[in-house]
Amino acid sequence: MESSDPESQVTIERRISKDKLAKYKGSALVAIAHLAFPHPCRQVDRKIIEQLKRDFEGEGCKIEEPNNRIPAIIDDPTLQEVLEKLATSAETFRAASKGDPPRLQLDHNVKLECLHGQHRVLAAKEFLLPPRRWWVVDLYSTDLENETKQAFREGFSYSAPYASGEIFRQIRLCHYNKDDLGEQQWRAKLSLYQEKYLNIILKRKILLSALDSVLHIRGLWRTFYIGSLNEFITIGCDEEIKRYINTIRSVWMRFLGGDMVIMMNTDPYTVGCIQSRAPALSNSDFQYVEERMKPGKGELFPEVSDPVRRAQIKARLLSIKEIIPSLWTLISDIRYLKQPAKVLKTLLPPVPRKGKNRKKNTLRERFYFHFTQAESSDGTIEIQKAASSYTTIPLNSLDSFELSYQQLWLCSYRVSKNLNAYGSLQLATLAHRLGFQSPEIERELRQDPAYDIVQKAALDALKVLRPNEAFVFDADQARPVITSLKNYLSKVLEAPMKSGPPFITVAGSGEPLNRRCGYGSTDTQDLNHLFLGKIHAPLQEHQKGGDEISSFYVKQSRHIAFFGVLNLAGDYNPDPSTNKPAMAASPAETMHLPSVIVEPTSPMSVSEEHDPNPNSGFQIVNQISSSGRQVVRFIQNGAIQEVLNEREPVTNQAREYANLGKSLSLIEGGSFFWQACFDVLIRTGHSTVIVSDAARPMPPVTGKRHRSQNLIDRP
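Computed from a predicted model, the values in this text were never measured in an experiment.

Draft legend 1. Just helix H25 (residues 551-563), in detail. In this model, H25 (13 residues) spans 19 Å end to end at C-alpha, consistent with the 18 Å of a helix rising 1.5 Å per residue. Residues Ser551, Phe552, Tyr553, Val554, Lys555, Gln556, Ser557, Arg558, His559, Ala561, Phe562 and Phe563 constitute the buried set of H25. Note on H25: the residue one or two positions beyond its end, glycine 564, has a positive phi of about 85 degrees.

This is the structure we're talking about:
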């Protein structure tokens, strides 16, 4: 990448200025009908157009001011025809037109490629009367350098600044296009605060690859704010955020039919209209989408004009049962997770703050390190049905850690809404029962909430009854009261639960859009339903009470978006897209070509007029062997050993390396025992294992770690 120091920047600016001067052909008044924008940096935004129209009304269009002129490309034949009509030479036209632009009469089929000013032209087209729909254009030859074109595209004047999410997207696209200058110029638009979090996220490979996987859905990025990356980083839930973004990609690909061209042209207005809706379950959402997708309306997906394609999108969109996610709903839902995550962290040793090179493990990785065992000898595992009620289910091919970890999160949802000593004890008790072990869990298990409650009640009462006097709480005298409180609570908890299956739809208005992501006034509702069996039960097992989605369905959808679907009668599906053909995680977009770049092996349909570019660089979600089957790669000192991505061959290969005294780890770090190799790859979504010499001999392990082992939390 080119240096960003002042001297280098001055050199670049001089080169661009020199190219502009050399390729400038003159200026002219051109009818708006002849101006085209085949490669806009961003999509049409109605808010910007309306604001520009208000500006025009108050100030006039000021089309002749140098800062408001639009740069455009003109080819030699068109220029020569223009000069003949003006009866002038190229030199005279160039010299005279800058101060007094002539009016050009172009053939009706001629379009000039404009490099900037799309919103200006659209606003003028609506504001000006037909005879006055002209704009001053600076004309440049077709051999204008790419970096000069990019500099023009990034101009502002009569426009609005780019949202930070759009800037992030352009930075990543420049990265994949190996456009170092473009990446540098887009970075310059960020504030110091935004650049700080950008640099952090660029080092978080799980989050970065997930965000890259939705670069092609252009309309998502207007409401994604780089400042919100702070929420991504501090919560420590990289894997869960990645899964949510995978859900975004999966849902949008489904109702757009995997058509890359349509996804690339999806506009922010459409995204804002359909996010958080569930048309197949909500009657109001169904009617909203149906009305705005009617032939001739074109409110949603205005870039799709073909009636057949619009009908197909409409049919698929109306069949969506999930709450449609977006990057905006993701940021809101991460905030919902913050308090439960904070409560969960109390079960783990504190992370050391010192150490510059200290690796920051995610919350999932830390809990996995403190996980011993959960399944019994007969191949079953406990599932919590209520606060003090459990059942067992066959483990089959389910992941015991995943079952246990999700149960902890659900418990944390419940207790964090009314956190007290009993909530903390309940969470610690569940963690201990499911097979998690830490000094913090053991310490919490020794607490007596009844004692704390009675002590606080007594002292609060005495402060009022005998103010300004000091009292010492006598536990012996209070013991009967403490015992009585415990007996009362035990009797209440022994009574059977009165709640039946939750409702996924209700009568009336149901949950409005503003309560379908993030915090909401109904967050304390449905807590008695936030258990694994109900969250992952098929929809047909829940009750329907009307035509609008319920508050429980919002909570269920949010949890599944972050954690994936668990089939308690079968296999674990951590990613709703895993049963579909894998799509490239990092689609690149060429800034200077009209074609849309798609992974050559992608199963997505692309319009025939857009040719896939086989030279584009991608990150591959799943590694494929020459036979077309998914494989796992073991890399040792540059040598690669491939095996099928199945439990038995992966485990056998891992055992061979372990017998040779080798250590196994992921690319990002974090070693693991050979027995856990396949499960670790499934949980993290990786397909590469790094093989290295073990720092110390690995002890022989015949099963999972036992509680007696010394557990030290790795920061």
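Draft legend 2. Spotlight on the packing of helix H17 (residues 327-345) against helix H19 (residues 400-416). Taken N-terminus to C-terminus, the directions of H17 and H19 make an angle of 105 degrees; their axes are 9 Å apart at the nearest point. With respect to H19, the axis of H17 lies roughly perpendicular. Across the interface between the two elements, Tyr336, Leu337, Gln339, Pro340, Ala341, Val343 and Leu344 from H17 touch Leu408, Trp409, Ser412, Tyr413, Val415 and Ser416 from H19.

Draft legend 3. Spatial organisation of the sheet that holds strand E10 (residues 548-549). Here 3 strands make up an open sheet; going across it, the order is E9-E8-E10 and the pairing mixed. Sheet topology places strand E9 (543-544) and E10 at the edges, where each strand pairs with a single neighbour. Inspection of the sheet shows strand E8 (residues 503-506) paired to E10 by 2 bridges, in the antiparallel sense. Residue pairing across strands places threonine 505 opposite isoleucine 549, the latter belonging to E10.

Draft legend 4. A look at helix H12 (residues 238-255). For H12, spanning 18 residues, the distance from its first C-alpha to its last is 26 Å, which sits close to the expected 26 Å at 1.5 Å a residue. Among the 18 residues of H12, 16 are classified as buried, and the element is accordingly described as predominantly covered.

Draft legend 5. The packing of aromatic side chains, seen in detail. Under the counting rule described, the total for this entry stands at 25 aromatic pairs. The interplanar angle of 70 degrees and the centroid separation of 5.1 Å between the aromatic rings of tyrosine 193 and tyrosine 197 together place this pair among those described as edge-to-face. Placement of both tyrosine 193 and tyrosine 197 in helix H9 (residues 192-201) is noted, with a separation of 4 residues, approximately one turn of the helix. Judged by relative accessible area, which is 44%, tyrosine 193 ranks as partly exposed. For tyrosine 197, a relative accessible area of 10% corresponds to the buried category. Here the guanidinium or amino end of lysine 189 rests over the ring plane of tryptophan 186, the centre of that ring lying 5.5 Å away. Sitting above the plane of the tyrosine 390 ring, arginine 433 keeps its charged end 3.6 Å from the centroid.

Draft legend 6. Geometry of the environment of phenylalanine 168. Tracing the sequence through the fold places phenylalanine 168 in helix H7 (residues 164-176). Put simply, phenylalanine 168 and tryptophan 186 are 18 residues apart on the chain and 8.1 Å apart in space, counted from C-alpha to C-alpha. When sequence neighbours within four positions are dropped, the list of residues in contact with phenylalanine 168 reads Leu198, Ile201, Leu208, Leu211, Trp221, Phe224 and Ile226.

Draft legend 7. Structural context of the pattern of salt bridges. For the structure on display, the rule yields 27 salt bridges. In this structure, lysine 85 and glutamate 81 form a salt bridge, with 3.8 Å as the shortest nitrogen-oxygen distance. A residue pair is termed a helical-turn pair when its members lie 3 or 4 positions apart in one helix, as lysine 85 and glutamate 81 do in helix H3 (residues 76-86) at 4 residues. Assessed through its relative accessible area of 32%, glutamate 81 is described here as partly exposed. Notably, a salt bridge pairs lysine 555 with aspartate 526, separated by 3.2 Å at the nearest N-O pair. Taken together, the residues span a long stretch of sequence, with lysine 555 in helix H25 and aspartate 526 in the loop between E8 and helix H24 (532-535) at a distance of 29 residues. Each of the two residues, lysine 555 as well as aspartate 526, counts as buried.

Reading the values: rules and limits
Sequence order as written defines residue numbering, which begins from 1 separately in each chain. Totals for whole chains, interfaces and linings use all residues, but because this is a predicted model, local features are given only for residues with pLDDT of at least 70 and pairs of side-chain atoms are given and counted only at 80 or more. Think of the side-chain values as coming from all heavy atoms in the structure, minus any hydrogens and water. Helix and strand definitions here come from DSSP, where helices need a minimum of 4 consecutive H or I residues and strands a minimum of 2 consecutive E residues; each element is numbered from the N-terminal end. Helix span is expected to be 1.5 Å times the residue number reduced by one. Think of it in three bands: residues with accessible area under 20% of the maximum for their type are buried, residues over 50% are exposed, and the middle band is partly exposed, with areas taken using a 1.4 Å probe on protein chains only. Angles run from 0 to 180 degrees between N-to-C directions of axes, and those axes are lines fitted to C-alpha atoms, restricted for helices to the stretch in contact. Each angle receives one of four descriptions, namely roughly parallel if under 35 degrees, roughly antiparallel if over 145, roughly perpendicular if within 65 to 115, and oblique otherwise. Whether two residues touch is decided by their heavy atoms; if any such pair falls within 4.5 Å, the residues are in contact. Any two strands with at least two DSSP bridges between them are considered paired. Pairing of aromatic rings covers Phe, Tyr and Trp, the last counted by its six-membered ring, and requires centre-to-centre distances within 6.5 Å; plane angles under 30 degrees mean stacked, over 60 mean edge-to-face, and any other angle means tilted. Note on geometry: a ring has a charge over it if NZ (lysine) or CZ (arginine) is within 6 Å of the ring centre and within 35 degrees of the ring normal. When a carboxyl oxygen of Asp or Glu lies within 4 Å of a side-chain nitrogen of Lys or Arg, that pair is called a salt bridge.

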